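# Geometric and topological summary
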Amino acid sequence: MTGGVRARVGRAVAAAAEGGYVVAVALLVAMAAGSALILAFGQSPARVYAAMWTRTWGDAYGVGQVVFKATPLVFTGLAVALPYRVGLFNIGAEGQMIAGGLATAVAGAALPAATPWFVAIPAAIAAGAAAGAAVGALPGWLRARFGAHEVIDTIMLNFIVAAVALWLGGRWLFVPETTHTAPVAAGARLPVLGLRGSAANASAALAIALAAGAWYWLARTRGGLAWRAVGANPLAAEAAGVRLGRVYVAAMAAGGAVAGAVGAHFVLGYKGYFEEGLGRGAGFMGIAVALLGRAHPAGVVVAALLFGTLAHAGFEINALVPRELVDVLQAAIILAVAAAAGRGGRR
């Protein structure tokens, strides 16, 4: 093994150890906070945590519901993680998701009824990804051209996109007297996974494929190397010939495209149409998923499964403790990740 290979392996091991440390601290802090609240409600923490586990991962329906709730978080987590790797913070996954979901539904409904699935599904998903990419590329271009901060731009775009989507829907796209579009063509619907009646559908496979593709791009391509170089030191990367503006626009567009592709989950796999408020909050939760996953595609998948588990467990333990306990656990995890990451950065 050469010295260069050994150095790369050592850095990878050190990064994995640091990430594991942050996640472990976050989970321990969350469990401690949750245990205190559970005791305050007169319940046993061991009993409640056991119920959370057995009623989520203990049967096929629970597994299906965890997958269902985790799938959109993989999309939105990747939408945050990809720009983060070039030093940008994409807060706009919520708006990009709305644009993508509406475009997915409109494209799917416009297809002829007899369109085969191998044409209908890719066409509808591509429409959603393109819409999300367009919304994501705008703040990337503003950052590259004028130096405008992407956090402010993406926050504002969330409100703008939501308002425009509602206006377009009410004016032209929604079924009269409703807040949803017409159903998509039958060939555009994604099959469910058949986990004892759960809502989990084939969009979970797309989410995993996108995570694998993101990993391959970042770890095994020259373009991914350029992205990582910009994220590590933009001035050095620019001095080496990397065009920062192009990377910023591409990274934000890629994040927007992944967020827009979540329409495959909510529209093609779940509802069959776009509805105002569908999936609301998943874009913002993607920020927490990306942070807990350390902006690594594999970490995003694991973090999404964790938050999906908590989301479904909240319904299952409602007879023992209030469902809002899960919100406290999620908040504790996020705060612990931020604190542990900051402590690690000061070493």
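Look above for the structure.
Let me sum up the structure you'll find in this document. (Residues numbered from 1 in each chain as written. Predicted model: local features only at pLDDT ≥ 70, side-chain atom pairs only at ≥ 80, totals over all residues. Heavy atoms only, no water.)

### Overview of the overall build of the chain
When you go through the chain residue by residue, the secondary structure sums to 14 helices and 0 strands. Of the regular secondary structure in the chain, the N- to C-terminal order runs α-α-α-α-α-α-α-α-α-α-α-α-α-α. A compact globule built from 347 residues should have a C-alpha radius of gyration of about 20 Å, and the chain, at 21 Å, falls within 12% of that. The buried share among the 347 residues of the chain stands at 46%. For the chain, the exposed surface amounts to about 16,200 Å²; the carbon and sulfur share of it is 68%. Distance between charge centres in the chain, computed from 24 positive and 12 negative side chains, equals 13 Å. (Helix = DSSP H or I, 4+ residues; strand = E, 2+ residues; numbered from the N terminus. Rg over C-alpha atoms; globule rule 2.2 N^0.38 Å. Buried < 20%, exposed > 50% of the residue type's maximum accessible area, 1.4 Å probe, protein only. Areas by Shrake-Rupley, 256 points an atom, 1.4 Å probe, with all protein chains shown as cover. Lys, Arg positive; Asp, Glu negative; His and termini not counted. Charge placed at Lys NZ, Arg CZ, Asp CG, Glu CD.)

### Remarks on the environment of Val119
If you trace the backbone, Val119 turns up in helix 5 (residues 117-146). Separated by 67 residues in the primary sequence, Val119 and Met52 place their C-alpha atoms 41 Å from one another.

### Examining the packing of helix 3 (residues 60-84) against helix 12 (residues 282-292)
When two helices pack together, their arrangement is captured by the angle between the axes and the distance separating the axes. Contact geometry of helix 3 with helix 12 gives a least axis separation of 7 Å together with a crossing angle of 65°. Between helix 3 and helix 12, the angle is such that the two are roughly perpendicular. The chirality of how helix 3 crosses helix 12 is right-handed. Taking contact as the criterion, the partners of Pro72, Leu73, Thr76, Gly77, Val80 and Ala81 in helix 3 are, on helix 12, Ala282, Gly283, Met285, Gly286, Ile287, Val289 and Ala290. (Axes fitted to C-alpha atoms, helices over the stretch in contact; angles between N-to-C directions. Parallel < 35°, antiparallel > 145°, perpendicular 65-115°, else oblique. Left-handed = near helix turned anticlockwise from the far one by under 90°. Contact = heavy atoms within 4.5 Å.)

### Examining the nonpolar core
Met52, Val86, Val230, Leu268 and Ile333 are the most contacted members of the largest nonpolar core, which has 86 residues in total. Here Val230 is in contact with Val86, Ala237, Val242, Leu244, Val247 and Tyr248, once residues within four sequence places are set aside. (Core = buried A, V, L, I, M, F, W, Y, C linked by side-chain atoms within 4.5 Å.)

### Overview of the environment of Pro191
By the secondary structure assignment, Pro191 is in the loop between helix 6 (150-173) and helix 7 (203-220). The exposure class of Pro191 is exposed, given its relative accessible area of 52%. A sequence separation of 11 residues divides Pro191 from Ala202, and the C-alpha atoms of the two residues are 5.8 Å apart. Residues within four places of Pro191 in sequence aside, it is in contact with Asn201 and Ala202.

### Some words on the side chain of Asn90
Structurally, Asn90 is set in the loop between helix 3 and helix 4 (93-110). Taking the relative accessible area as the measure of exposure, Asn90 reaches 0% and is therefore buried. Polar side-chain contacts of Asn90 include one of 2.9 Å to the backbone nitrogen of Gly92. At 3.2 Å, the side chain of Asn90 forms a polar contact with the side chain of Gln96. Contact partners of Asn90, with chain neighbours within four places excluded, come to Ala79, Val80, Pro83, Gln96, Thr154, Met252 and Gly255. (Polar contact = N/O pair within 3.5 Å; in protein donor to acceptor, adjacent residues only side chain to side chain.)

### Things to note about the pattern of salt bridges
Counted according to the given criterion, the structure contains 3 salt bridges. Among the ionic pairs, Glu150 bridges to Arg143, the shortest N-O distance being 2.5 Å. (Salt bridge = Lys/Arg side-chain N within 4 Å of Asp/Glu carboxyl O.)

### Considering unusual backbone geometry
Notably, Glu177 is not glycine yet its phi reads approximately 70°, a positive angle. On the secondary structure map, Glu177 appears in the loop between helix 6 and helix 7. Taking the relative accessible area as the measure of exposure, Glu177 reaches 83% and is therefore exposed. Within the chain, Arg294 stands out as a residue other than glycine whose phi angle is a positive 60°. The topology assignment puts Arg294 in the loop between helix 12 and helix 13 (297-316). Residue Arg294 is classed as partly exposed on the basis of its relative accessible area of 33%.

### Comments concerning helix 3
An ideal rise of 1.5 Å per residue puts 36 Å on 25 residues; helix 3 measures up with 35 Å between its terminal C-alpha atoms. At Ala70, helix 3 shows its strongest bend, of approximately 25°, with the proline Pro72 following within four residues. Here helix 3 lies mainly inside the structure; 20 of its 25 residues are buried. For helix 3, the N-terminal capping position is held by Asp59, with its side-chain oxygen 3.0 Å away from the main-chain nitrogen of Tyr61. (Expected span 1.5 Å × (residues − 1). Bend = angle between axes of the 7 residues up to and from the residue.)

### Side note on the packing of aromatic side chains
Summed over all chains, the structure comprises 6 aromatic pairs. Relative to Trp172, the ring of Trp167 has its centre 5.2 Å away and its plane inclined at 80°; by these criteria the two rings are edge-to-face. Residue class for Trp167 comes out partly exposed when judged on its relative accessible area of 48%. On the accessibility criterion, Trp172 (56% relative accessible area) is exposed. Where Trp217 meets Trp227, the ring centres are 5.4 Å apart and the plane angle is 75°; that geometry is what we call edge-to-face. Separated by 10 residues along the polypeptide, Trp217 in helix 7 and Trp227 in helix 8 (residues 222-232) bring together distant segments of the chain. Judged by relative accessible area, Trp227 falls into the buried class, the value being 7%. For the cation-ring pair, Arg143 lies above Tyr248, with the distance from its terminal atom to the ring centre recorded as 5.2 Å. (Phe/Tyr/Trp six-rings, centres within 6.5 Å; stacked < 30°, edge-to-face > 60°. Lys NZ or Arg CZ within 6 Å of the ring centre and 35° of its normal.)

By themselves, these figures tell us nothing about what the structure is for.
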